[in-house]
Amino acid sequence: MKPIGPLWLGALLIAALFGAFQAYYWIGRKLGGKLYDSRLGRRVGRERIEKVEQVVERWGALAVYGCFWVPMLRHTLPWVAGALRVSYPWYIVASALGCLTWAPIWWLGISTLVWGWLQLAARSPITAAVVAVLAIAGVTAYLVWRRRRRSVAA
């Protein structure tokens, strides 16, 4: 069985994600309430931020770990945790555990898909092309559907 991509790249992903989470926390801690009026805060929306605040207030550092598994929380919770001044030692533990569990699963899943497609392309280029076109069409259809749903809701 062949390796699933270079492992150093997976380790780099974990380190970069951990670094980003620390930066988000300190940006949130430094800017505090100013984040809500920032361009990012306006884009995310006050109501969503308040929902994230409720999650952080209820679960604390455990919410930091959980946010890795929920797409919208993954992008908003770290700076909200900083703004709410979640205990930094617990934040480090939770974000490290999240990085060590989420990033390898993501990396192995994506690299497995890429490696599998490359093997398919080596055996049957036409089938690989059809699979690629179907995947692109599926992603495009999903994005169009999501955009229409949001515009109808607005």
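Residue positions are given per chain, counting from 1 as you read along its sequence in written order. Residues qualify for local features only when their pLDDT is at least 70, as the model is predicted, and side-chain atom pairs are given and counted only at 80 or more; totals for whole chains, interfaces and linings, by contrast, use all residues. Side-chain metrics rest on all non-hydrogen atoms present in the structure, leaving aside hydrogens and water.

Draft legend 1. A look at a positive patch on the surface. The patches described consist of residues with a relative accessible area above 30% and no salt bridge, like charges being joined within 9 Å and nonpolar side chains (Val, Leu, Ile, Met, Phe, Trp, Tyr) within 5 Å. Computed with a 1.4 Å probe, the accessible areas rest on the Shrake-Rupley method; for each residue, only the protein chains presented here act as cover. The salt bridge definition used is simple: a Lys or Arg side-chain nitrogen within 4 Å of an Asp or Glu carboxyl oxygen. Only four residue types enter the charge count, namely Lys and Arg as positive and Asp and Glu as negative; His and the chain termini do not. Charge placement uses NZ in Lys and CZ in Arg. For Asp and Glu, CG and CD serve respectively. On the surface, a cluster of positive charge is made up of Arg39, Arg42, Arg43, Arg48, Lys51, Arg149 and Arg150. Those elements that provide at least two residues to the positive patch are helix H3 (39-44), helix H4 (46-59) and helix H8 (125-153). Helix and strand definitions here come from DSSP, where helices need a minimum of 4 consecutive H or I residues and strands a minimum of 2 consecutive E residues; each element is numbered from the N-terminal end. Examining the composition of the positive patch, we find that three residues originate from one element, H3, more than from any other. Between buried and exposed lies partly exposed: a residue is buried under 20% and exposed over 50% of the maximum accessible area for its type, with that area taken using a 1.4 Å probe on protein chains only. Taking the relative accessible area as the measure of exposure, Arg150 reaches 46% and is therefore partly exposed.

Draft legend 2. Local environment of the environment of Leu62. Note that Leu62 resides in helix H5 (residues 61-67). Residue Leu62 is classed as exposed on the basis of its relative accessible area of 53%. Measuring from C-alpha to C-alpha, the distance between Leu62 and Trp90 comes to 8.5 Å, with 28 residues separating the pair along the chain.

Draft legend 3. A look at the nonpolar core. Residue types Ala, Val, Leu, Ile, Met, Phe, Trp, Tyr and Cys, when buried and joined through side-chain atoms within 4.5 Å, form a set referred to as a nonpolar core. The biggest cluster of nonpolar side chains holds 26 residues, and the ones touching the most others in it are Leu17, Phe68 and Leu77. Among the secondary structure elements, those contributing two or more residues to this core are helix H1 (7-31), helix H2 (34-37), H4, H5, helix H6 (71-83) and helix H7 (88-123). Only heavy atoms enter the contact rule, under which two residues are in contact if any of them lie within 4.5 Å. Phe68 has contacts with Leu17, Phe21, Arg74, Ala94, Ser95, Gly98, Cys99 and Trp102, leaving out every residue within four places of it along the chain.

Draft legend 4. Layout of the packing of H7 against H8. It is at 5 Å that the axes of H7 and H8 come closest, and there the two elements cross at 140°. Regarding the angle of H7 to H8, the classification is oblique. Taking contact as the criterion, the partners of Trp117, Leu120, Ala121 and Arg123 in H7 are, on H8, Pro125, Thr127, Ala128, Val131 and Ala132. Just so you know the grouping, Ala, Val, Leu, Ile, Met, Phe, Trp, Tyr, Cys and Pro go in nonpolar, Asp, Glu, Lys and Arg go in charged, and all remaining residues, Gly too, go in polar. For the contact of H7 with H8, a count of residues per class yields seven nonpolar, one polar and one charged. In this analysis, axes come from line fits to C-alpha atoms, helices being fitted only over the stretch in contact, and the angle between any two N-to-C directions falls in the range 0 to 180 degrees. Put simply, angles under 35 degrees are roughly parallel, angles over 145 are roughly antiparallel, angles from 65 to 115 are roughly perpendicular, and the rest are oblique.

Draft legend 5. Fine view of the side chain of Gln22. The topology assignment puts Gln22 in helix H1. Exposure remark for Gln22: the relative accessible area of 10% places this residue in the buried category. Residues in contact with Gln22, not counting those within four places in the same chain, are Tyr88, Tyr91, Ile92 and Ser95.

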